[in-house]
Structures are given as C-alpha cells and as structure tokens.
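The lines below spell out each chain.
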Amino acid sequence: MKTAGHPEATTRRGLELTPFRGLRYDPDRVGSLASVTSPPYDVVVRPDGLHHLQSSDPHNIVRLILPQAGTPSAGTEQAADTLRRWLAEGILVADPDPGLYVYEQRDGEGMLQRGIIGTLRVTEPAEGVVLPHEDVMPPVVADRAALMRATRANLEPLLLTYRGDGATGHDTAAGAGADTAAEVIERTAGRPPLLATTTEDGFRHRLWSVTDPVDLARIRTDLAGRQALIADGHHRWATYRRLRLEHPSPSPWDYGLVLLVDTVRYPLRVRAIHRLLHGLPVADALRAVEGLFRVRRLDVPLPDALAVLADASCAGNSFLLAGDGAFHLLDRPDPELLARTVPADRPAAWRALDATVLHATLLEHVWRIPEDSPAHIAYIHDTAATVEKAERDGGTAVLMHPVREEVVRDLARQGVTMPRKSTSFGPKPASGLVLRALEI
C-alpha cells in the first residue's frame with residue numbers, strides 16, 4: 001500500500017538520521033545518573049514497579065514516561081508540567097550543539113553493544129525503510145501519542161537494528177572500513193565519554209556526542225542505503241507515524257528519536273515476552289486444553305523448566321503454564337485444532353510461530369481471552385516476575401520460548417507482522433540518558 005502525498009513511497013530514500021540537541025540530566029542536580037534512569041516504559045514490571053523507581057530519585061525519568069495521576073489526561077499534563085519545571089530549574093539541560101550520540105552498553109558477562117542515537121525520518125511500512133515485525137495495540141499508541149503531544153518531546157529512544165558491512169564489534173576500528181558509520185562509532189568510543197554510569201542491573205552505560213561535520217556526513221552517507229528492523233518500540237514508532245500525519249510537513253514531527261545498532265557487529269539478544277492471564281486459574285486453563293495439547297507437570301525449579309521448554313520447542317509449538325506452584329508443559333497440539341484455528345493466508349513460518357498458536361488457538365478459541373484487554377492479559381518481559389505475579393494473583397503465567405532473529409527479519413521483509421509482543425530484543429537502551437525536545 002502506497003501512502004498518498006508521500007512520493008518517497010515509490011522511491012526508497014534509506015535511513016535518514018539527523019543530529020539534534022540532546023536533553024541530558026545535569027549530574028550536579030541529581031543524586032546520580034543511574035538513579036534517574038529507567039527501563040523503557042513497557043518493561044517496568046518489578047513487583048514494586050513504579051514505586052521503586054520514583055523512590056530512587058525525585059527526578060527519575062519514570063515520572064515523565066509513566067506519569068501517575070487520577071486520569072490518563074491528567075497524567076499527560078502532569079508529565080508536561082514536570083518536564084517544563086525540570087527544564088526551568090536546570091535539571092535537564094540541552095547540549096550546546098546538535099549532534100548524534102554514540103551509546104555503549106556492557107554487562108558483567110562480556111556483552112558489548114554500541115549504536116548511534118539520532119532523530120530518524122519517519123516513514124511508512126510501504127517505503128521499505130523501517131520494517132515493523134509486530135502488530136500494535138491501538139490504546140497503547142493513543143496513550144503514547146497523548147504523552148508526546150503534551151510534552152512535545154521524545155522521552156526515550158526506540159531500538160532499531162540494521163545490517164552493516166563491518167566485522168564483529170570486538171574488532172578494531174581499522175577493520176571496520178573507512179567512511180562508514182561503524183568506523184565513526186568505534187573511533188568515537190575511544191575518546192572520553194560525555195557520561196558514564198552503572199545501573200542497578202549491572203549494565204555500564206557510556207555516551208559520546210558526534211558533532212564533527214565530516215563524521216556526520218560519513219554516517220549519513222553510510223545509512224542512506226540501509227534498511228532497519230524495529231527491535232523494540234513498535235508502539236512508539238506507530239506513534240511517530242501518527243503524529244507526523246497530524247502535523248503538516250516540514251515539522252519536527254517528521255523525525256523520531258531512535259537508537260540504531262548494527263547487528264553484524266553487535267548481535268542483539270532475542271528473548272520472549274510472557275503473558276499473564278488475569279482471572280484464569282491454572283487448573284481452569286489446564287482443564288480447557290485437555291485432549292488438545294499434551295500436558296506434563298514439571299516439579300522442578302524455573303531454570304530447569306525453561307530448559308525443558310527449549311527442548312520441546314525444537315519439535316514444535318510448546319508453552320509453560322505456571323501460577324500454582326508447579327510448571328506445566330503444553331506441547332504436541334492437535335493438528336486438526338491448528339488447522340481449524342490458525343489462519344491459512346500467511347506464510348508457513350508465521351503459522352508455525354508459538355505466538356501465532358498462542359493468540360489464534362489458545363487465547364481466542366480455547367481460553368476465550370481478548371488479547372488487547374489489560375483487564376484480562378498482561379505482557380511481561382521478566383520470566384520470574386511473570387511467575388511471581390501469577391502465583392500471587394491466582395492467574396496463569398504463559399511462558400514462551402524466544403524466536404530466532406532471522407525468522408523475525410525474514411517475515412518483516414515479506415511484510416508479514418507477527419502477533420503483538422512476540423519478541424524482546426535487548427539489551428534495550430536505558431531511558432533517561434538523552435531525551436529530545438521538539439522545540440530545542
């Protein structure tokens with residue numbers, strides 16, 4: 001489908017990443033840089049959730065990305081007021097010159113990821129420049145759009161991946177090839193950073209600015225021929241698209257804040273996103289699948305249960321149910337059930353996805369749970385937290401096995417979207433290290 005009024009829909013222009021004046025916390029005005037950061041808004045799932053983050057520092061970024069008030073509209077206005085106050089008080093300060101930002105994450109196990117943060121030209125899927133791979137939930141897009149309209153800011157970068165031509169990230173800059181974004185990133189990372197901090201999850205974060213016109217031109221030229229996959233942030237990208245259409249071009253809404261990572265050099269981790277089914281006890285969930293799936297009870301610790309799930313996933317669709325103090329493996333679904341419930345108008349790789357079978361077969365036909373109702377279902381990244389919440393609330397945790405990145409990318413290139421919340425790419429950028437105000 002081509003987008004009316006956008007001639008680039010027929011002529012691919014590639015990735016257009018532009019410099020901006022980043023908003024960053026003044027380290028002298030906050031407890032620590034680590035104490036004001038947060039995971040992305042949809043990953044705040046710890047049992048004490050928002051309270052923990054809000055208590056860590058009165059200026060924690062969660063007060064902007066997840067404002068708490070009596071109504072959604074009051075929350076967005078509260079976030080806007082908070083942002084204006086922090087700017088006036090010098091809590092957040094704009095960098096003097098526009099630039100792109102090299103961002104590095106390391107953990108204690110040898111994982112290293114580097115990418116570049118900038119404002120990316122917002123495109124439609126038909127342009128083939130930025131590929132989505134998951135469906136989105138309209139209420140979430142509406143919520144994010146209201147927040148961005150009120151604050152007139154991009155408060156956290158979404159995560160995009162592209163396939164560069166370089167060697168692995170552990171090779172030297174000399175091996176990266178001249179005049180590429182990778183060469184600029186590696187060389188920049190050899191300089192003293194703008195900021196460095198270690199968050200409570202053990203990740204070390206460093207940030208540099210790139211303002212040299214020659215380096216910016218190199219990055220622009222290299223990315224102009226690239227295509228990106230949305231790794232994390234489908235709802236925010238859909239929000240960017242919605243807001244761009246609301247504002248006549250040219251405008252600041254033509255661009256949105258992103259982190260671009262070359263996964264040839266820095267492969268991302270792909271993890272599953274689990275489901276928590278409110279109001280459905282495990283016993284009821286198991287009773288409903290009798291005769292439709294093979295069910296085996298596993299009285300083992302969580303890591304061992306996940307290992308069994310991984311083995312079962314090699315042979316076909318499989319899930320772990322939890323919430324009653326044990327784990328229950330569902331596998332070997334009835335082929336006639338799948339034929340009756342899974343849409344046949346999609347590629348075989350899509351029909352075989354665990355997320356497809358979960359949503360089309362289990363949620364819709366067996367358990368009859370609406371997938372877009374927060375009262376009935378929650379999407380949680382942390383495995384242990386999903387199990388804990390199910391046991392505490394009397395619901396059912398559905399634990400998933402992750403999809404391989406190449407499957408995700410192949411489907412996206414075919415224009416086929418996966419069921420919502422099918423994957424969790426990481427590590428995700430910490431929110432609060434650099435923001436974008438549209439009027440600065």
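In this text the structure is predicted, and so the values were computed from the model without any measurement.

1. Comments concerning the pattern of salt bridges
For step 1, the next point in the chain: Counted according to the given criterion, the structure contains 31 salt bridges.
For step 2, the next point in the chain: E124 is the salt-bridge partner of R241, the closest N and O atoms lying 2.9 Å from each other. Within this pair, whereas R241 is found in helix α7 (residues 234–246), its partner E124 is found in the loop between β5 (112–121) and β6 (130–131), the two being separated by 117 residues in sequence.
For step 3, the next point in the chain: The exposure class assigned to R241 is partly exposed, which follows from its relative accessible area of 24%.
For step 4, the next point in the chain: Among the residues examined, E124 registers a relative accessible area of 7% and is labelled buried.
For step 5, the next point in the chain: Where D222 meets R226, a salt bridge forms, and the shortest distance between an N and an O atom there is 2.8 Å. Here D222 and R226 have matching classes, each one buried.

2. So, the nonpolar core
Buried together is how nonpolar side chains tend to be arranged in soluble globular proteins.
For step 1, the next point in the chain: Of all hydrophobic cores here, the largest spans 112 residues; its most connected members are Y25, I117, L160, W237, L260, F319 and W367.
For step 2, the next point in the chain: By residue number, the principal contributor to this core is helix α12 (residues 354–366), which donates 6 residues.
For step 3, the next point in the chain: Ignoring any residue separated from it by four or fewer positions in sequence, one finds Y25 in contact with V30, L33, V36, H59, N60, I61, W86, I91, L92 and G432.
For step 4, the next point in the chain: Counting 15 residues, the second largest nonpolar core, distinct from the first, contains L298, A322, A378 and A390.

3. With respect to helix α14 (residues 405–413)
For step 1, the next point in the chain: Along α14, the positions that sit buried rather than exposed are E405, V407, V408, R409, L411 and A412.
For step 2, the next point in the chain: Contacts from the buried residues of α14 go to β6, β8 (158–162), β11 (228–232), β13 (269–271), α11 (348–351) and β20 (424–426).
For step 3, the next point in the chain: At the C-terminal side of α14, G415 shows a positive phi close to 80°.

4. Overview of the packing of aromatic side chains
For step 1, the next point in the chain: By the definition in use, this model includes 4 aromatic pairs.
For step 2, the next point in the chain: Aromatic side chains W237 and Y240 sit 6.0 Å apart centroid to centroid with 70° between the ring planes, which places their arrangement in the edge-to-face category. Of this pair, W237 and Y240 both sit in helix α7, 3 residues apart, which is roughly one turn of the helix.
For step 3, the next point in the chain: Residue classification places W237 among the buried residues on the basis of a relative accessible area of 3%.
For step 4, the next point in the chain: Between the aromatic rings of F293 and F319, the centroid separation amounts to 6.3 Å while the plane-to-plane angle is 65°, which identifies the pairing as edge-to-face. Note that F293 is positioned in the loop between α8 (282–289) and β15 (294–298) and F319 in strand β16 (residues 318–322), a separation of 26 residues in sequence. For the pair formed by F293 and F319, the shared burial category is buried.
For step 5, the next point in the chain: Lying over the aromatic face of W350, R346 brings its terminal NZ or CZ to 4.5 Å of the ring centre.

5. Considerations on empty space enclosed by the protein
For step 1, the next point in the chain: In the structure shown here, the tally under the stated rule is 6 cavities of 30 Å³ or more.
For step 2, the next point in the chain: Considering only enclosed or pocket space, the largest cavity measures out at about 130 Å³ in volume.
For step 3, the next point in the chain: In terms of lining, the largest cavity is formed by 14 residues, of which the most central are D42, D232, G233, H234 and K421.
For step 4, the next point in the chain: Breaking the lining of the largest cavity down by element, the ones donating at least two residues are β11 and α7.
For step 5, the next point in the chain: In terms of residue count, α7 provides more of the lining of the largest cavity than any other element does, 3 residues in total.
For step 6, the next point in the chain: Of the residues assigned to the lining of the largest cavity, the class counts are 3 nonpolar, 5 polar and 6 charged.
For step 7, the next point in the chain: In this model, the second largest cavity occupies a volume close to 70 Å³.
For step 8, the next point in the chain: Lining of the second largest cavity is provided by I65, R144, L147, M148, A153, N154, L155, E156 and R236.

6. As for the layout of surface pockets
For step 1, the next point in the chain: Here the largest pocket is characterised by a volume of approximately 1,200 Å³.
For step 2, the next point in the chain: Lining the largest pocket are 40 residues, with P39, V43, D201, R271 and D382 sitting closest to its centre.
For step 3, the next point in the chain: Looking at the second largest pocket, its volume works out to about 1,000 Å³.
For step 4, the next point in the chain: Along the walls of the second largest pocket sit 35 residues, with Y41, D42, L66, V140 and P374 positioned nearest its centre.
For step 5, the next point in the chain: Where the lining of the second largest pocket is concerned, the elements lending two or more residues are α3 (72–89), α4 (138–151), β18 (377–380) and α13 (383–393).

7. Here we look at the packing of α3 against α4
When two helices pack together, their arrangement is given by the angle between the helix axes and the distance between those axes.
For step 1, the next point in the chain: For the pair α3 and α4, the least separation of the axes is 8 Å and the interaxial angle reads 35°. In the crossing of α3 with α4, the sense of the turn from one axis to the other is right-handed. Across from T76, E77, A79, A80, L83 and R84 in α3, the residues of α4 making contact are A146, L147, A150 and T151.
For step 2, the next point in the chain: For the contact of α3 with α4, the residue count by class is 6 nonpolar, 2 polar and 2 charged.

8. Remarks on the packing of α4 against α7
For step 1, the next point in the chain: Put simply, α4 and α7 touch, their axes get as near as 9 Å, and they point 60° apart. The angle between the axes of α4 and α7 places the two elements in the oblique class. Where α4 crosses over α7, the handedness of that crossing is right-handed. Touching V140, V141, A142, R144, A145, M148 and R149 of α4 are H235, R236, A238, T239, Y240, R242, L243 and E246, all from α7.
For step 2, the next point in the chain: Tallied by class, residues from the contact of α4 with α7 come to 8 nonpolar, 2 polar and 5 charged.

9. Describing the environment of P138
For step 1, the next point in the chain: Counting through the fold element by element, P138 comes out in helix α4.
For step 2, the next point in the chain: Residue P138 is classed as exposed on the basis of its relative accessible area, which comes to 55%.
For step 3, the next point in the chain: Here the alpha-carbon distance between P138 and L306, two residues 168 residues apart in the chain, equals 32 Å.

10. Observations regarding the pairing of strand β10 (residues 204–210)
For step 1, the next point in the chain: Strand direction decides the pairing type here: strand β4 (residues 100–106) and β10, joined by 7 bridges, are antiparallel. Residue pairing across strands places E104 opposite R206, the latter belonging to β10.
For step 2, the next point in the chain: With 4 bridges joining them, strand β9 (residues 195–198) and β10 adopt antiparallel strand pairing. Counted as the bridge partner of T198 is R204 from β10.
For step 3, the next point in the chain: The antiparallel hairpin formed by β9 and β10 contains 5 residues in its connecting segment, where G202 sits at a positive phi of about 90°.

About the criteria used
- Residues numbered from 1 in each chain as written.
- Predicted model: local features only at pLDDT ≥ 70, side-chain atom pairs only at ≥ 80, totals over all residues.
- Heavy atoms only, no water.
- Salt bridge = Lys/Arg side-chain N within 4 Å of Asp/Glu carboxyl O.
- Helix = DSSP H or I, 4+ residues; strand = E, 2+ residues; numbered from the N terminus.
- Buried < 20%, exposed > 50% of the residue type's maximum accessible area, 1.4 Å probe, protein only.
- Core = buried A, V, L, I, M, F, W, Y, C linked by side-chain atoms within 4.5 Å.
- Contact = heavy atoms within 4.5 Å.
- Phe/Tyr/Trp six-rings, centres within 6.5 Å; stacked < 30°, edge-to-face > 60°.
- Lys NZ or Arg CZ within 6 Å of the ring centre and 35° of its normal.
- 1 Å grid on protein atoms, 1.4 Å probe; cavity = no way out; pocket = protein on both sides within 12 Å on 5 of 7 lines; lining within 4 Å.
- Points joined across faces, edges and corners; volume = space filled by probe spheres on them.
- Nonpolar A, V, L, I, M, F, W, Y, C, P; charged D, E, K, R; others polar.
- Axes fitted to C-alpha atoms, helices over the stretch in contact; angles between N-to-C directions.
- Left-handed = near helix turned anticlockwise from the far one by under 90°.
- Parallel < 35°, antiparallel > 145°, perpendicular 65-115°, else oblique.
- Pairing = 2+ DSSP bridges.

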